[in-house]
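# Descriptive structure summary
Below are the chains, spelled out letter by letter.
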Amino acid sequence: MSISITPFTKQQLLPQEEKLEVARKKGELFIGIPKETSYQERRICLTPDAVSSLVCHGHRVMIESGAGESASYSDKEYSEAGAEVTKDTQKVFGCPMILKVEPPTVAEINMMNNQTILLSAIQLKTKKKEYFEALTKKKITALAFEYLKDVDETYPVVKSLSEIAGTASILIAAELMIANSYGKGLLFGNITGVPPTEVVILGAGTAGEFAARTAIGLGANVKVFDNSITKLRRLQNSLNQRIFTSTIQPKALMKALRRCDVAIGAMRGLERCPVVVTETMVEHMKKGAVIVDVSIDTGGCFETSEVTTHEKPTFIKSNILHYCVPNIPSRYSKSASLSISNIITPYLLKIAEDGGLESAIRCDKGLKNGVYTYHGILTNRAIGEWFDLPNNDINLIVF
């Protein structure tokens, strides 16, 4: 008589009743938007129009008084849009869902209720272990703007802010080239009978692409350097014209830098931006040339770069004018706020439509990718390894 080998019991092998998913009911969101306290942060997550849209869908929005002033939005505009405006910071942080541009401080996390949902940037390079321990203690579900994915597997918030930074880098360079205390008195662009501005762009990502678009639009001669042939090819195709492109070779790069009027740093790195321009290369550039290091957020790609502020944005080194301000999009706070708001609002409406965040992250892989703590459980492996914290795969928790 043969013996059946199976890991299942006789009871488990019997037909089981079918279990159907319970129909999802539309949820109601109660969103709190506190005033940004981080240095140089002027943006806000939702515009009055976005608030109006959420309120019309039956949701509540509470905003701290003065939260939108730096982005040119008054309390009156938010009040007329249907938001509840209050001066009580504690009351705002008591909302079930918190929206912030910058990640909250540990003190702000302590003001939140248990099981709060947090949507903000994470800015991993500036975080400490205590931040994640505070989220765990409060059992907070936190989503990072940088990790949210779109249907085409891109990161919409990162891409949008890179577009602003790339475009802004050329506008800033044009401003610095005028005849001020150190500017050469050159007009950025191409005027009949006058040699065009020479621009070198390091990096062919989104920021590099939009810097190239803006410079070409003004009539400049543009040279783009990147070690990825795929990125350079994509850049050529998206610009719909042939420009000078090259991999980063010291001899070719030195030659281009010696002739350029403006150099834009838009390189990216896994942990730190690679330094591709040495101090010696900078010393060989034309006196009065301008360097705008967009990559300064992750260390900078010029060896001479030093972090500056929006109040004192420039310094001179080796006779070259340097602009190395982190968080360039904050300089254009209203445009950046509109951009963030346009991306975040559809996510919020979808979360409500799906019956809450729990259901939404089951249905949307891109939204699930944004979660880095789930009810206090760290679900991002990279963060866990970086800070030596225990972590779990969210796909084993939510499925």
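Everything quoted here is computed from the prediction, not taken from an experiment.

It is possible for side chains of opposite charge to pair when their charged atoms get near one another. All told, the structure shown has 12 salt bridges when counted by the stated rule. The shortest N-O distance in the salt bridge between Lys100 and Glu36 comes to 3.1 Å. With a gap of 64 residues between them, Lys100 in the loop between β4 (97-99) and α5 (106-111) and Glu36 in the loop between β1 (30-33) and α2 (48-56) connect regions that are remote in the sequence. Pair check on accessibility: Lys100 and Glu36 agree, each one buried. Among the ionic contacts, a cluster of salt bridges with common partners joins Glu36, Lys100 and Glu108.

The next point concerns the side chain of Thr304. Residue position: Thr304 is located in the loop between β11 (290-293) and β12 (314-317). Residue classification places Thr304 among the buried residues on the basis of a relative accessible area of 1%. One polar contact links Thr304 to His322, side chain to side chain, over a distance of 2.8 Å. Beyond its immediate stretch of four places on either side in the chain, Thr304 contacts Glu279, Val282, Phe315, Lys317 and His322.

Here the focus is the packing of aromatic side chains. Throughout the structure, instances matching the rule amount to six aromatic pairs. Measuring from centroid to centroid gives 5.1 Å for Tyr131 and Phe132, while their planes differ by 85°, and the two rings are edge-to-face. Accessibility expressed as a relative area gives 4% for Tyr131, which makes it buried. With relative accessibility at 2%, the residue Phe132 sits in the buried group. Considering the side-chain rings of Phe132 and Phe387, the 5.0 Å spacing of their centres and the 45° angle between planes classify their relative orientation as tilted. Taken together, the residues Phe132 in helix α6 (residues 129-137) and Phe387 in helix α15 (residues 381-387) connect sequence positions 255 residues apart. The same class applies to Phe132 as to Phe387, namely buried. Members of the aromatic cluster, joined through ring pairs, are Tyr131, Phe132, Tyr372, Trp386 and Phe387.

So, about the sheet that holds strand β7 (residues 198-202). Across a sheet, paired strands are connected by hydrogen bonds in the backbone, their directions being either parallel or antiparallel. Pairing is mixed across the open sheet formed by seven strands, whose spatial order is β9-β8-β7-β10-β11-β13-β12. Unpaired on one side and paired on the other, β9 (244-246) and β12 mark the two borders of the sheet. Adjacent strand axes in the sheet meet at a mean angle of 20° when their direction is disregarded. By the bridge criterion, four bridges tie β7 to strand β10 (residues 262-265) in an arrangement that is parallel. Bridged to Ile201 within β10 is Ile264.

Thresholds applied
- Residues numbered from 1 in each chain as written.
- Predicted model: local features only at pLDDT ≥ 70, side-chain atom pairs only at ≥ 80, totals over all residues.
- Heavy atoms only, no water.
- Salt bridge = Lys/Arg side-chain N within 4 Å of Asp/Glu carboxyl O.
- Helix = DSSP H or I, 4+ residues; strand = E, 2+ residues; numbered from the N terminus.
- Buried < 20%, exposed > 50% of the residue type's maximum accessible area, 1.4 Å probe, protein only.
- Polar contact = N/O pair within 3.5 Å; in protein donor to acceptor, adjacent residues only side chain to side chain.
- Contact = heavy atoms within 4.5 Å.
- Phe/Tyr/Trp six-rings, centres within 6.5 Å; stacked < 30°, edge-to-face > 60°.
- Pairing = 2+ DSSP bridges.
- Axes fitted to C-alpha atoms, helices over the stretch in contact; angles between N-to-C directions.

By themselves, these figures tell us nothing about what the structure is for.
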